[in-house]
Amino acid sequence: MNPFVRPEPPEPAPDAGARVLDTATLQRVGGRLGSNPAGVYRDEAGRRYYVKELESPALARNEWLAAQLYRLAGAPTLRYLRTRAADQVATEFVVLDKKNVGQLDEAERRQARRWLGVHAWTANWDAAGYDGDNQGVTGGTVLTLDVGGALEFRAQGSPKGRAFGHEVGELDRLRHDPDNRHASRLFGEIGEAELHEAISIVTRLDDAAVRACVLGHGGSAALAEKMLARKADMARRLGG
């Protein structure tokens, strides 16, 4: 988990000319802050980054893509940066004002619930965090601190397999699963109007934009079609 983050802007930015971090050229100034091997690095300009070292390039690619889908939907999350090493994931960081679901006031909890549809669509079972530590606040904005548990892999790196399918059962499980207690306490409070809007955030996304996002950030054609099928499943639920 990375408690030093900056919210993403809603609109996607082009990759051309974007910085690519090479930790070999940076100064390591701190150790890991979560369960994955990682460190805090500083460049010559004094900017700091949190860099996770994952077990495979596939895990890093999965998290990068999940972050881009969150960004496409406008959901505040980490500001991810490209890395030279294929098995690394890097973010810029800022100090958080709050670092846990339990610290959120009611207005902040409403902010967090707004993105339930995005968490469900991307199958981010770790949206709230095992200890409630995947939601934080900086500058009045509630944001998701880690999206490594979204899409094809669990938060600890094992494949989801068939559990990540074309139907979005996460809309119910994130609200009612007793084994995911911080998520159920947070998202179980959502009202019908809030739920409708949270789902609509995803269903309003343009299909071509979703497909381009997946294919443009390392995802397969099969994954792009799955994300569109999951979006359609949410639309059917909304219609019902």
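Residues numbered from 1 in each chain as written. Predicted model: local features only at pLDDT ≥ 70, side-chain atom pairs only at ≥ 80, totals over all residues. Heavy atoms only, no water.

Overview of the pairing of strand β5 (residues 80–83)
Side-chain direction in a regular strand flips from residue to residue, so the side chains alternate between the two faces of the sheet. The condition is simple: Paired strands, in this sense, are two strands between which DSSP finds at least two bridges. Only DSSP runs of H or I with at least four residues qualify as helices, and only runs of E with at least two residues qualify as strands; both kinds are numbered from the N terminus onward.
Bridge count between strand β1 (residues 20–21) and β5: 2 bridges; the pairing is parallel. Counterpart to L21 in the pairing with β5 is T83. Hairpin remark: β5 followed by strand β6 (residues 88–92), antiparallel, with 4 residues in the connecting loop.

Side note on the confidence of the model for the chain
It should be kept in mind that the predicted coordinates are not to be read in detail where pLDDT is low. Stated formally: Confidence scores labelled pLDDT are given residue by residue by the predictor and lie between 0 and 100. Here, residues are in contact when the closest pair of their heavy atoms is within 4.5 Å.
With 91% of its residues at a pLDDT of 70 or more, the chain shows a mean pLDDT of 91. Segment residues 1–17: pLDDT under 50, and 62 contacts once partners within four positions in sequence are set aside and those in other chains are kept.

Quick notes on the pairing of strand β8 (residues 141–144)
Relative to β8, strand β7 (residues 135–138) runs antiparallel, the two being bridged by 4 bridges. Looking across to β8, one finds that Q135 is bridged to T144. What sits between the antiparallel neighbours β7 and β8 is a turn of 2 residues, in which G139 has the positive phi angle 55 degrees.

Section: the sheet that holds strand β3 (residues 38–42)
Stated precisely, the cut-off is as follows: Angles shown run from 0 to 180 degrees and are taken between the N-to-C directions of axes, each axis being a line fitted to C-alpha atoms and, for helices, limited to the stretch in contact.
Read across the open sheet, the 6 strands follow the order β1-β5-β6-β4-β3-β2; overall the sheet is mixed. The open sheet has two free edges, formed respectively by β1 and β2 (27–30), since each of these has just one partner strand. In the packing of helix α1 (residues 57–73) onto the sheet, contacts are made with β4 (48–53), β5 and β6, and the angle to β5 comes to roughly 145 degrees.

Quick notes on the packing of helix α6 (residues 192–203) against helix α8 (residues 221–239)
Packed helices, taken two at a time, are described by the angle between their axes plus the distance between the axes. Our working rule: For any pair of crossing helices, the crossing counts as left-handed if the nearer helix is rotated counterclockwise from the farther one by less than a right angle, and right-handed if it is rotated clockwise. Ten residue types, Ala, Val, Leu, Ile, Met, Phe, Trp, Tyr, Cys and Pro, are classed as nonpolar, four, Asp, Glu, Lys and Arg, as charged, and the remainder, Gly among them, as polar.
Put simply, α6 and α8 touch, their axes get as near as 9 Å, and they point 140 degrees apart. Here α6 runs over α8; the crossing is left-handed. Side by side, α6 and α8 meet where H196, I199, S200, V202 and T203 of the first sit next to K231, M234, A235, R237 and L238 of the second. The residue inventory of the contact of α6 with α8, partitioned by class, reads 5 nonpolar, 3 polar and 2 charged.

Quick notes on the nonpolar core
Our working definition: The criterion is simple. A nonpolar core is a set of buried Ala, Val, Leu, Ile, Met, Phe, Trp, Tyr and Cys residues joined through side-chain atoms within 4.5 Å. The classification of residues rests on relative accessible area computed with a 1.4 Å probe and restricted to protein chains. Under 20% of the type maximum is buried, over 50% is exposed, and intermediate values are partly exposed.
Counting residues in each nonpolar core, the largest one holds 54 residues, and the members touching the most others are L69, V118, W121, L151 and M227. Broken down by element, this core gets its largest block of residues, 10 residues, from α1. Among residues more than four places away in sequence, those in contact with V118 are Y70, A73, A75, I201 and V202. Listed in part, the 7 residues of the second largest apolar core include Y49, V51, L81 and A90.

Some details on the packing of aromatic side chains
Heads up, the rule is: What counts as a ring pair is set by centres within 6.5 Å for rings of Phe, Tyr and Trp (its six-membered ring), and what kind of pair is set by the plane angle: stacked under 30 degrees, edge-to-face over 60, tilted for all other angles. Either the NZ atom of lysine or the CZ atom of arginine qualifies as a charge over a ring when it sits within 6 Å of the ring centre and within 35 degrees of the ring normal.
A complete count under the given rule lists 0 aromatic pairs for this structure. The ring of W115 has R114 sitting right over it, with the charged end atom 5.0 Å from the ring centre. Note that K160 overlies the ring of W125, its terminal NZ or CZ placed 4.5 Å from the centroid.

Considering helix α7 (residues 207–216)
Basically, it comes down to this: Working definition: the arc comes from the directions between the helix axis and the C-beta atoms, pointing outward to the latter. A 3.5 Å cut-off defines polar contacts: any pair of N or O atoms within that distance qualifies, except that in protein one atom must be a possible hydrogen donor and the other a possible acceptor, and neighbouring residues in sequence count only when both atoms are side-chain atoms.
Listed as buried for α7 are V210, C213 and V214. One face of α7 carries all of its buried residues, which in axial projection span an arc of 95 degrees. Contact partners of the buried residues in α7: α1, α3 (116–121) and α8. Looking at where α7 begins, the residue whose side-chain oxygen comes 3.1 Å from the main-chain nitrogen of A208 is D206. Downstream of α7 by one or two residues, G218 has phi in the positive range, about 95 degrees.

A closer look at the pattern of salt bridges
Condition: The term salt bridge refers to a side-chain nitrogen of Lys or Arg lying within 4 Å of a carboxyl oxygen of Asp or Glu.
Enumeration according to the criterion identifies 21 salt bridges in this entry. The partner of R19 in a salt bridge is E92, and the shortest N-O contact between them spans 2.8 Å. Here the residue R19 occupies a position in the segment before β1, and E92 occupies one in strand β6, the gap between them amounting to 73 residues. You can call R19 partly exposed: its relative accessible area is 34%. The exposure class assigned to E92 is buried, which follows from its relative accessible area of 10%. The salt bridge involving D172 is made with R237; its shortest N-O contact spans 2.9 Å. With D172 in helix α4 (residues 170–176) and R237 in helix α8, this residue pair connects regions lying 65 residues apart in the sequence. On the basis of relative accessibility, which here comes to 34%, the residue R237 falls in the partly exposed class. Within the structure, one salt-bridge network assembled from shared partners comprises E106, R109, R110, R113, E189 and E194.

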